[in-house]
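# Structural features, examined
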Amino acid sequence: EEITSLSRFVDEILNRTPNHAAPYVGSSAFAHKGGLHVAAMERSPDSYQHIDPGQVGNEKRVLISELSGRQNIMGKIKEAGLGQDGGSDTENDKVVSERATAILTRVKELENIGYTFEGADASVHLMILHSTKGYCPPFRVLD
């Protein structure tokens, strides 16, 4: 269970940059990006991962990019705890799905002009917050 932390400890001691693509222990070892792939992962994780990431002290990551699908964004919304608007589950699912579609469209537009969101979870989180009912910006930029 602690092989990932051991690997990171060894990298730190050796002053070596961790290999993000390393099997089992790399930060991208259990990263998923494609829309259909992520949707299938939500239904049956064992069909796309040979082991549970927790067995080696790692974790599953869902990336956001131009290849993402609505399920990627919906997962991020639920992960942030912003998927409930007080209505029934069916109404909430419809609202979350509509928000996810709008966010995904914006991500794809921005990626087409050169932005990258694969390593920008905070930017995606801000987009999710901005799409939330009752959103109030924490500050205003004056020009």
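As a reminder, the structure under discussion sits directly above these lines.
Summarised in this report is the structure supplied together with it. (Residues numbered from 1 in each chain as written. Predicted model: local features only at pLDDT ≥ 70, side-chain atom pairs only at ≥ 80, totals over all residues. Heavy atoms only, no water.)

## Some thoughts on the overall build of the protein chain
The following threshold applies: Numbering of helices and strands starts at the N terminus; helices are DSSP runs of H or I of at least 4 residues and strands are runs of E of at least 2. Using a 1.4 Å probe on the protein chains alone, a residue whose accessible area is under 20% of its type maximum counts as buried, one over 50% counts as exposed, and one in between counts as partly exposed. Between two residues, a contact is recorded if the distance between any of their heavy atoms is within 4.5 Å. Under the counting rule used here, the positive set is Lys and Arg, the negative set is Asp and Glu, and His together with the chain ends is not counted. We put the charge of a Lys on NZ, of an Arg on CZ, of an Asp on CG and of a Glu on CD.
Assigned secondary structure in the protein chain consists of 5 helices and 2 strands. Each helix and strand of the protein chain, placed in order from N terminus to C terminus, yields the pattern α-β-α-β-α-α-α. Structurally, the protein chain occupies a C-alpha span of about 45 × 45 × 30 Å along its principal axes. Per-residue burial for the protein chain yields a buried fraction of 30% across its 143 residues. Put simply, of all contacts in the protein chain between residues at least 6 apart along the chain, 56% involve residues at least 24 apart. When the 15 basic and 20 acidic side-chain charges of the protein chain are each reduced to a single mean position, those positions are 5 Å apart.

## A short note on helix H5 (residues 121-130)
Using the following cut-off: By arc we mean the arc of the directions from the helix axis to the C-beta atoms, nothing more.
For H5, the set of buried residues is Val-124, Met-127 and Ile-128. Down the axis of H5, the buried set is contained in an arc of 100°. They therefore lie on one face. More than 90 degrees from the buried face of H5, the exposed residues found are Ala-122, Leu-126 and His-130.

## Things to note about the environment of Phe-117
Along the chain, Phe-117 falls in the loop between helix H4 (89-112) and H5. Look at Phe-117 and you get buried, because its relative accessible area is 5%. Sequence-distant contacts of Phe-117, defined by excluding residues within four places in its chain, comprise Ile-64, Val-107, Leu-110, Glu-111, Ser-123, Val-124 and Met-127.

## Quick notes on the side chain of Gln-49
With respect to the element layout, Gln-49 can be found in the loop between helix H2 (35-43) and strand S2 (61-62). Here Gln-49 is in contact with Phe-30, His-32, Met-41 and Lys-60, once residues within four sequence places are set aside.

## Section: the nonpolar core
This is how it is decided: Take the buried Ala, Val, Leu, Ile, Met, Phe, Trp, Tyr and Cys residues and link them wherever side-chain atoms come within 4.5 Å; each set so joined is a nonpolar core.
Grouped together as the largest cluster of nonpolar side chains are 15 residues, with contacts concentrated most on Ile-64, Ile-73, Ile-77, Ile-103, Val-107, Phe-117 and Met-127. For this core, the elements supplying multiple residues, two or more each, are helix H3 (70-79), H4 and H5. At 6 residues, the largest contribution of residues to this core is made by H4.

## So, the pattern of salt bridges
We count it as follows: Here a salt bridge means any side-chain nitrogen of Lys or Arg lying within 4 Å of a carboxyl oxygen belonging to Asp or Glu.
Tallied over the full model, the rule gives 5 salt bridges. Its salt-bridge partner being Glu-118, residue Lys-33 comes within 2.8 Å of it at the nearest N-O pair. One end of the pair, Lys-33, is in the loop between strand S1 (31-32) and H2; the other, Glu-118, is in the loop between H4 and H5, with 85 residues separating them in the sequence. Look at Lys-33 and you get partly exposed, because its relative accessible area is 24%. Between Lys-76 and Asp-121 there is a salt bridge, with its nearest N and O atoms 3.6 Å apart. In this pair, Lys-76 sits in helix H3 while Asp-121 sits in helix H5, placing the two residues 45 residues apart along the sequence. The exposure class of Asp-121 is partly exposed, given its relative accessible area of 41%.

Just distances and angles here, no functional claims.
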